[in-house]
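Descriptive structure summary
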Amino acid sequence: MAKILIDKKEIEAKEGANLLQVCLKNGFYIPNLCHLEGMDSPPASCRLCFVEIEEEDGPVTSCSVTVRAGLKVTTDTPPVRRLQRSALKLLLSAHDVDCARCPANKKCGLQTIARFLKVGLKPKQLEQLRKETEGMEDHPFLRYDPNRCVLCGRCLQVCHGKQGQPFLTFAKRGFDTVIASYGEKDLSNTTYQEFTACAQACPVAALGPKND
Amino acid sequence: MSETTKTTNEEILAEEKAMLEDIAARLSGFARERANLVPLLQMIQERHGYLPPDAINMVAEYLEIASCEVYGVATFYNQFRFTPPGKHQIKICLGTACHVKGGDIILENFERKLEIREGEITPDREFGIDRVACVGCCALAPVATVDESVQGHMAPSKVEGIILGFQIEKEREAREKQKDDAGEK
């Protein structure tokens, strides 16, 4: 066990444990979207879980830090909050904010984080970005809304962690990136439970069962 | 008319079959390694001009990876296309100069005239529309290239003219073929 300081409070944690996980377990909330418990190599792609660590130059993503003795972590400095707010606003600018009609309403990752960071759900200074493509219309069990998707990749983590071959992928590039499935061969190797497990990993209900 | 579409459909099917056989024969030239994914796709794109859905499945099976992964990699790169190129490929330049001079209007004109969107081809595979970043002759903006010829100072009326030109050419060829056939008999 290693002793570390989080917001001036002494915490005991296992050496080598994931810092974000340790913070969350001990009641220090850090906004995060792309993290799943037990990940081997966190993608650190949502750019929300920033913290400041003494001896580091600037804020770092806590999901990619492992615990070592003597770590001094601060979770709510102004630079951290500034980075988190900009990251969230950018995500919201490409998100179809239509909460009343969204199955994730009130259990949505974005809503939780927006409330925590005191950011409005419709940031005014940013242009709204919408994708024209529809996603996965031909999939028998899943529906996908590219304009709700925050591309956190959690569904892919679940999908690639399961037995056998994955059936979901990132397709295209840049602003056009979407989650996609391909062909029928991949489908036959997958059980319905595996489909719903991937859908359940979605923090914003962009991916969900078709009858939703 | 229906007879001609039937023959073209049959031709297309035969072409696709030959293409898949050609790809199958060439797969064994590559080691079954994940690192060969992009080289394999490049080989198919180079030989056949696009990646047919069946080819993606064949590559996935050969390399023992999921089809969706092959699709993910292929869509990442601009060099791969998923629909066959048209017989006449029209490229509309939307580089800076052409953009300023209304290249998007020219693109829209072609799209409306041929009733397809950019990146698609007409059902008879005669025409395809692509959009490109810069052709290199900005002084002629807005520019389109039709097959290999550069068309400068494009205007909506020129769009009509180009398509009409190809249609007249095609009708003339059909008439000559008919005459030849009659002559042989």
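Residues numbered from 1 in each chain as written. Chains lettered and ligands numbered in written order. Predicted model: local features only at pLDDT ≥ 70, side-chain atom pairs only at ≥ 80, totals over all residues. Heavy atoms only, no water.

**Quick notes on a nonpolar patch on the surface**
Residues and elements named next belong to chain B. Side chains of Val-135, Leu-140 and Val-150 sit close together on the surface and give an oily, nonpolar patch of about 190 Å² of accessible area. Here Val-135 shows up in the loop between strand S2 (127-132) and strand S3 (144-146). The exposure class assigned to Val-135 is partly exposed, which follows from its relative accessible area of 32%. (Patch = residues over 30% accessible without salt bridge, like charges linked within 9 Å, V, L, I, M, F, W, Y side chains within 5 Å. Areas by Shrake-Rupley, 256 points an atom, 1.4 Å probe, with all protein chains shown as cover. Salt bridge = Lys/Arg side-chain N within 4 Å of Asp/Glu carboxyl O. Helix = DSSP H or I, 4+ residues; strand = E, 2+ residues; numbered from the N terminus. Buried < 20%, exposed > 50% of the residue type's maximum accessible area, 1.4 Å probe, protein only.)

**Quick look at the sheet that holds strand S3 (residues 50-53) of chain A**
Hydrogen bonds between backbone groups are what pair the strands of a sheet, and the pairing can be parallel or antiparallel. If you trace the five strands from one edge of the open sheet to the other, you get S2-S1-S5-S3-S4 (chain A), paired in mixed fashion. The two strands at the open ends of the sheet, each matched to only one other strand, are strand S2 (9-13) and strand S4 (60-61) of chain A. (Pairing = 2+ DSSP bridges.)

**So, the packing of helix H3 (residues 53-63) of chain B against helix H4 (residues 67-76) of chain B**
Residue and element names in this part refer to chain B. Where H3 contacts H4, the axes come no closer than 8 Å and their chain directions differ by 115 degrees. In this structure, the crossing between H3 and H4 has a hand that is right-handed. Residues Ile-56, Asn-57, Val-59 and Ala-60 of H3 lie in contact with H4, whose contacting residues are Ser-67, Val-70 and Tyr-71. Split into classes, the residues belonging to the contact of H3 with H4 amount to five nonpolar, two polar and no charged. (Axes fitted to C-alpha atoms, helices over the stretch in contact; angles between N-to-C directions. Left-handed = near helix turned anticlockwise from the far one by under 90°. Contact = heavy atoms within 4.5 Å. Nonpolar A, V, L, I, M, F, W, Y, C, P; charged D, E, K, R; others polar.)

**A closer look at the domain arrangement of chain A**
Think of interface size as the accessible area that goes away when the parts come together; that is how it is often given. Residue and element names in this part refer to chain A. Structurally, chain A comprises domain 1 (1-127) and domain 2 (142-209). A C-alpha centroid distance of 23 Å is found between domain 1 and domain 2. On the domain 2 side, the residues contacting the 20 residues of domain 1 number 11 residues. Summed over both partners, the interface of domain 1 with domain 2 buries about 1200 Å², with 60% contributed by carbon and sulfur atoms. In this assembly, domain 1 and domain 2 are joined by zero salt bridges. Put simply, domain 1 and domain 2 have five residue pairs in polar contact (both at pLDDT 80 or more) between them. (Domains from an automatic or database assignment. Buried area = accessible area lost by both parts, 1.4 Å probe. Polar contact = N/O pair within 3.5 Å; in protein donor to acceptor, adjacent residues only side chain to side chain.)

**Considerations on the layout of surface pockets**
Gaps between atoms show up when a probe of the same size as a water molecule is rolled over them. Empty space within the largest pocket amounts to approximately 1400 Å³. Contributing to the lining of the largest pocket are 28 residues, with Lys-172 and Asp-176 of chain A together with Asn-78, Glu-118 and Gly-119 of chain B lying nearest its centre. Among the elements of the structure, H4, helix H6 (103-114) and S2 of chain B are those that each provide at least two residues to the lining of the largest pocket. Its residues placed into classes, the lining of the largest pocket shows eight nonpolar, seven polar and 13 charged. (1 Å grid on protein atoms, 1.4 Å probe; cavity = no way out; pocket = protein on both sides within 12 Å on 5 of 7 lines; lining within 4 Å. Points joined across faces, edges and corners; volume = space filled by probe spheres on them.)

**Focus on the domain arrangement of chain B**
Split into domains, chain B comes out as domain 1 (2-76) and domain 2 (88-184). Between the C-alpha centres of domain 1 of chain B and domain 2 of chain B there is a distance of 27 Å.

**Remarks on the pattern of salt bridges**
A pair can form between side chains of opposite charge whenever their charged atoms are brought close. Residue and element names in this part refer to chain B. Across all of its chains, the model carries 19 salt bridges over all chains by this definition. With its nearest N and O atoms 3.2 Å apart, the salt bridge here joins Arg-26 to Asp-22. Separated by four residues within a single helix, Arg-26 and Asp-22 lie in helix H1 (residues 2-27), roughly one turn from each other. Overall, the relative accessible area of 37% leaves Arg-26 in the partly exposed class. Two residues, Arg-34 and Glu-69, come together in a salt bridge whose shortest N-O distance is 2.8 Å. Linking Arg-34 in the loop between H1 and helix H2 (37-48) with Glu-69 in helix H4, this pair joins segments that are 35 residues apart in sequence. A single salt-bridge network, built from bridges that share partners, covers Asp-22, Arg-26 and Arg-47.

**Here we look at the packing of aromatic side chains**
The relative placement of two aromatic rings is captured by the distance of their centres and the angle of their planes. Residue and element names in this part refer to chain A. If you walk through the whole model with that rule in mind, you get nine aromatic pairs over all chains. Considering the side-chain rings of Tyr-29 and Phe-116, the 4.8 Å spacing of their centres and the 80 degrees angle between planes classify their relative orientation as edge-to-face. Note that Tyr-29 is positioned in the loop between helix H1 (19-25) and S3 and Phe-116 in helix H3 (residues 109-117), a separation of 87 residues in sequence. Tyr-29 sits in the partly exposed class, given a relative accessible area of 32%. What makes Phe-116 partly exposed here is its relative accessible area of 31%. Ring geometry for Phe-167 against Phe-195: centres 4.5 Å apart, planes inclined by 75 degrees, an arrangement best described as edge-to-face. Taken together, the residues Phe-167 in the loop between helix H4 (154-161) and strand S7 (169-171) and Phe-195 in helix H6 (residues 192-200) connect sequence positions 28 residues apart. With respect to burial, Phe-167 and Phe-195 carry one shared label: buried. (Phe/Tyr/Trp six-rings, centres within 6.5 Å; stacked < 30°, edge-to-face > 60°.)

**Let's talk about the nonpolar core**
Of all hydrophobic cores here, the largest spans 67 residues; its most connected members are Leu-88, Leu-110, Leu-168 and Leu-207 of chain A together with Val-59 of chain B. Among the elements that line this core, the one with the most residues is H3 of chain B, at six residues. Not counting chain neighbours up to four residues away, the residues in contact with Leu-168 of chain A comprise Met-136, Cys-155, Leu-156, Cys-159, His-160, Ile-179, Ala-180, Ser-181, Cys-198 and Leu-207 of chain A together with Cys-68 of chain B. Grouped together as the second largest cluster of nonpolar side chains are 21 residues, Ile-4, Val-60, Val-65 and Leu-71 of chain A included. (Core = buried A, V, L, I, M, F, W, Y, C linked by side-chain atoms within 4.5 Å.)

**Focus on the sheet that holds strand S4 (residues 149-151) of chain B**
All names here are of chain B. Strand order in this open sheet of four strands is S2-S1-S3-S4, and the pairing throughout is mixed. The open sheet has two edge strands, S2 and S4, and neither has a second partner. Across this sheet, the average inter-strand angle for adjacent strands is 25 degrees, counted without regard to direction. Of the strand pairs in this sheet, S3 and S4 are connected by three bridges, and their pairing is antiparallel. Across the sheet, residue Ala-144 finds its bridge partner in S4, namely Gln-151. Running at roughly 150 degrees to strand S1 (residues 88-93), H6 makes contact with S1, S2 and S3 of the sheet.

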